[in-house]
Amino acid sequence: MKVRTRFAPSPTGFMHVGNLRTALYAWLWARKNRGVFMLRIEDTDQARFVEGAEEVVYKTLRTAGLNWDEGPDIGGDYGPYVKSERKDMYLPYAKQLVESGHAYYCFCTKEALDERRAKVEAEGGTFKYDKHCLNMPKEEIERRLAAGEPYVIRQNVPTEGKADFDDAIFGHIEVDCSELDDMILIKADGMPTYNFANVIDDHTMGITHVLRGMEYLSSTPKYNLLYEAFGWEKPTYVHLTTIMRDATHKLSKRDGDATFEDLVNAGYLPEAIINYLALVGWSPGDEREFFTLSELKDAFSLEGLSKSPAIFDHLKLRWMNAEYIRRMDGKAYFEKAKPWLIKAGVGEIAEKPENEEIFTRILQPRTEIFSDIAPNVDFLAKLDEDYDTELFTNKKSKTDAEVSKNVLSEVIPLLESLREWNETAIHDALIGFAAEKGMKNGTLLWPVRIAMSGRTVTPGGAIEIAALLGRDETMRRLRLGLDRLVRQTAGVL
RNA sequence: GGCCUCGUGGUCAAGCGGUCAAGACACCGCCCUUUCACGGCGGUAACAGGAGUUCGAUUCUCCUCGAGGUCACCA
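Residues numbered from 1 in each chain as written. Chains lettered and ligands numbered in written order. Predicted model: local features only at pLDDT ≥ 70, side-chain atom pairs only at ≥ 80, totals over all residues. Heavy atoms only, no water.

Caption draft 1: Expanded view of the overall build of chain A. Each helix and strand in chain A was counted, giving 20 helices and eleven strands. In terms of overall dimensions, chain A is more spread out than a globule: its C-alpha atoms have a radius of gyration of 33 Å, far above the 23 Å expected for 493 residues. C-alpha atoms of chain A, sized along the principal axes, occupy 110 × 50 × 35 Å. For chain A, restricting intrachain contacts to residue pairs at least 6 apart in sequence, the fraction spanning at least 24 positions comes to 75%. For chain A, the accessible surface area stands at approximately 24,100 Å², while carbon and sulfur atoms represent 50% of it. Looking at charge distribution, chain A has the averaged site of its 64 positive side-chain charges lying 2 Å from that of its 79 negative ones. (Helix = DSSP H or I, 4+ residues; strand = E, 2+ residues; numbered from the N terminus. Rg over C-alpha atoms; globule rule 2.2 N^0.38 Å. Contact = heavy atoms within 4.5 Å. Areas by Shrake-Rupley, 256 points an atom, 1.4 Å probe, with all protein chains shown as cover. Lys, Arg positive; Asp, Glu negative; His and termini not counted. Charge placed at Lys NZ, Arg CZ, Asp CG, Glu CD.)

Caption draft 2: Molecular detail of the protein's contact with RNA strand B. As a structural note, the neighbourhood of RNA strand B is formed by 57 residues, with Lys187, Glu289, Arg366, Gly460 and Ile463 the closest of them. A distance of 3.1 Å separates a phosphate oxygen of RNA strand B from a polar backbone atom of glycine 281. Contacts to RNA strand B include lysine 307, whose side-chain N or O atom sits 3.4 Å from a phosphate oxygen. Of all the elements in the fold, those that place two or more residues in the surface near RNA strand B are helix 4 (110-122), strand 6 (171-176), helix 6 (194-204), strand 11 (310-311), helix 11 (314-326), helix 18 (441-453) and helix 19 (462-469). (Near = heavy atom within 4 Å. Polar contact = N/O pair within 3.5 Å; in protein donor to acceptor, adjacent residues only side chain to side chain.)

Caption draft 3: Representation of the confidence of the model for chain A within the structure. Confidence along chain A averages 95 in pLDDT terms, with 99% of residues attaining 70 or more. Both confidence scores are given for the complex: pTM 0.95, ipTM 0.97. (pLDDT = per-residue confidence, 0-100.)

Caption draft 4: Just the environment of glutamate 351, in detail. By the secondary structure assignment, glutamate 351 is in helix 13 (residues 347-351). When its relative accessible area of 49% is taken as the criterion, glutamate 351 is described as partly exposed. Along the chain, glutamate 351 and valine 264 lie 87 residues apart, while their C-alpha atoms are 25 Å from each other. (Buried < 20%, exposed > 50% of the residue type's maximum accessible area, 1.4 Å probe, protein only.)

Caption draft 5: View of the pattern of salt bridges. Evaluated as defined, the whole model comprises 40 salt bridges. Here glutamate 473 ties to arginine 477 by a salt bridge, and the two come within 2.6 Å at their closest N and O atoms. Of the two residues, glutamate 473 and arginine 477 are both situated in helix 20 (residues 471-489); the distance of four residues between them amounts to about one turn of the helix. For glutamate 473, a relative accessible area of 23% gives the class partly exposed. Given the relative accessible area of 0%, arginine 477 is considered buried. Its salt-bridge partner being aspartate 483, residue arginine 487 comes within 3.3 Å of it at the nearest N-O pair. (Salt bridge = Lys/Arg side-chain N within 4 Å of Asp/Glu carboxyl O.)

Caption draft 6: Main features of the nonpolar core. Among the nonpolar cores identified, the biggest contains 146 residues, and Leu61, Phe196, Phe359 and Leu380 are the most heavily contacted of them. Ranked by residues supplied to this core, first place goes to helix 1 (residues 17-32) with ten residues. Beyond its immediate stretch of four places on either side in the chain, leucine 380 contacts Val346, Ile349, Phe359, Ile465, Leu468, Leu469 and Arg477. Counting five residues, the second largest nonpolar core, distinct from the first, contains Val157, Cys177, Leu180 and Leu225. (Core = buried A, V, L, I, M, F, W, Y, C linked by side-chain atoms within 4.5 Å.)

Caption draft 7: Representation of empty space enclosed by the protein in the model. A complete count under the given rule lists one cavity of 30 Å³ or more for this structure. Considering only enclosed or pocket space, the largest cavity measures out at about 80 Å³ in volume. Around the largest cavity sit 13 residues that line it, and Asn198, Val199, Arg212, Tyr223 and Tyr237 are the ones nearest its centre. Take the lining of the largest cavity: its biggest share by element is four residues, from helix 6. (1 Å grid on protein atoms, 1.4 Å probe; cavity = no way out; pocket = protein on both sides within 12 Å on 5 of 7 lines; lining within 4 Å. Points joined across faces, edges and corners; volume = space filled by probe spheres on them.)

Caption draft 8: Highlighting the packing of aromatic side chains. Evaluated as defined, the whole model comprises 19 aromatic pairs. Geometrically, the ring pair formed by tyrosine 227 and tryptophan 232 is edge-to-face, given 6.2 Å between the ring centres and 75° between the ring planes. Exposure class is identical for tyrosine 227 and tryptophan 232. Each is buried. Ring centres of tyrosine 333 and phenylalanine 370 lie 5.8 Å apart, and the angle between their planes is 25°; on these two criteria the pair is classed as stacked. Of this pair, tyrosine 333 sits in helix 12 (residues 330-343) while phenylalanine 370 sits in the loop between helix 14 (353-363) and helix 15 (373-381), and the two are 37 residues apart along the sequence. (Phe/Tyr/Trp six-rings, centres within 6.5 Å; stacked < 30°, edge-to-face > 60°.)

Caption draft 9: View of the layout of surface pockets. One number sums up the size of the largest pocket: a volume of about 1,300 Å³. Going through the elements one at a time, strand 1 (4-7), helix 1, helix 6 and strand 8 (209-213) are the ones with two or more residues in the lining of the largest pocket. By residue number, the principal contributor to the lining of the largest pocket is helix 1, which donates four residues. Looking at the lining of the largest pocket residue by residue, the classes come out as 16 nonpolar, 15 polar and 14 charged. In this structure, the second largest pocket occupies an estimated 370 Å³ of space. Looking at the lining of the second largest pocket, the elements with two or more residues in it are helix 4 and strand 4 (152-155). Per element, the largest residue contribution to the lining of the second largest pocket is four residues, and it comes from helix 4. Its residues assigned to classes, the lining of the second largest pocket comprises twelve nonpolar, one polar and seven charged. (Nonpolar A, V, L, I, M, F, W, Y, C, P; charged D, E, K, R; others polar.)

Caption draft 10: A look at the pairing of strand 8. Summarising burial for strand 8: five of the five residues are buried, a large majority. Judged from the five bridges that link them, strand 8 and strand 9 (residues 236-240) form a sheet pairing that is parallel. Bridge pairing in strand 9 places histidine 209 opposite threonine 236. The parallel pair strand 8 and strand 9 is bridged by helix 7 (residues 220-230), and the resulting crossover is right-handed. (Pairing = 2+ DSSP bridges. Right-handed = clockwise from strand over helix to strand, strands pointing away.)

Caption draft 11: View of unusual backbone geometry. Between glycine 79 and proline 80 the backbone carries a cis peptide bond, its omega angle lying at -5°. With respect to the helices, strands and loops of the structure, proline 80 is situated in the loop between helix 2 (53-64) and helix 3 (90-99). Despite not being glycine, arginine 34 shows a phi value in the positive range, around 50°. Relative to the assigned elements, arginine 34 resides in the loop between helix 1 and strand 2 (36-39). If you check the backbone angles, lysine 131 has positive phi at about 60° while not being a glycine. By secondary structure assignment, the location of lysine 131 is in the loop between helix 4 and helix 5 (138-146).

Next up, the structure:
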């Protein structure tokens, strides 16, 4: 039979990474088996309706590279693909169950039930519906129905025996029927409850493999009873472990955990996110860590799925993203980095063709996520002229205020006399000068870099920075540095 | 609280009766070096605890402990 998997998000306006991973695994399994991956939007919760939320789902999946074969936007043979458009499909199925004795009408009001539940729970017990309406005479049911009394339809769970199912990851799961409550299938407003609708949808849409979160594991035996009542073939269940923020909390938007969109906006590459996500809760069984979507498709297997929850490790994601960036072609890197350079205020410098290669060379190995760029290069746009002159003192480079003052006063005329202003010319002048004076390169270059950047840590060294800054700005900053050192020595500062 | 599930270094994770218990991230050290990175080399670090079964348990069983999930006319 052809494999059919689905991703059925409820459109909340964002996609957190746990959801995305579920979609990824469902996609992978479908693709690996040359099956069908379909999208179904669970939009029945009007209370949580968010404008444009469906678009977020589409956009996220597209950005992540997970294409679907059937869905609300492209149709298919098993539509409609939006839950709200399927709302009339469920009642007949529920009635069929009533006919066969697997379900029954219940006229108990929510208020009365809530009251009883509250009482039982107050005493520390677990409330369970007592099947009060199960044995209501047919005539009474007819009469009350005809009178237009509100009703729900409940599943008639056997009072004894076991309910069970087999999970592809967790194996055989079994529970006593006596533990199970007679769940409502159809609500008083005529709408199905989520789980009932899911059973009907998954069956009528021909789903063969249900990949979903762990939270459904314990209720699955109960819904399997429904499949048996209908005489339908059960899908293969694959319950996925939860992605945690730490040992005791799961990842959640509410608690400020990043969504897929947040990560992309922060400068993570979608391919890196997907690659990392695939490895949280799944292992290829060998030592490979880097996968394209296509490679993942080939390597993916249900056996590699983990049974225990995994903590989302931002640090490892960051590392993986950095690795993806380092492996980029330099040209491609610069294209990606450019908007971030512009945002950092160095657009003008980045515009100059001769600077593209310099930026790429100094930034690419230092970019773990693209948002790292701005704080790294903003000093090029504007020098913080109040930097601490203590920065000129560096033990390893053998510099202090006095040495720096002397270096700057010699370097200024030297650079000023350069005919050409480019990396080679600056390099030769500076390194040549150090050699001539028998100075450590560091002793000469440290003060120059400090004066140009006002920072002890910079991407690239003095030569690259001077080239990027250009002659005028370099000279201005060097003179400023010298001036500050002179005034300090004179006791003015 | 009842029920279900899980439990290998700080994190991800291999292992599926016999291993000196992989690998990656993180961390630490050294090298490279024009600062910081990158890169190279090396290092610290784990089978939750207790009973069984077995010639032999990380691996099988049970208990304890810990963690998560679930018990709605929400999805």
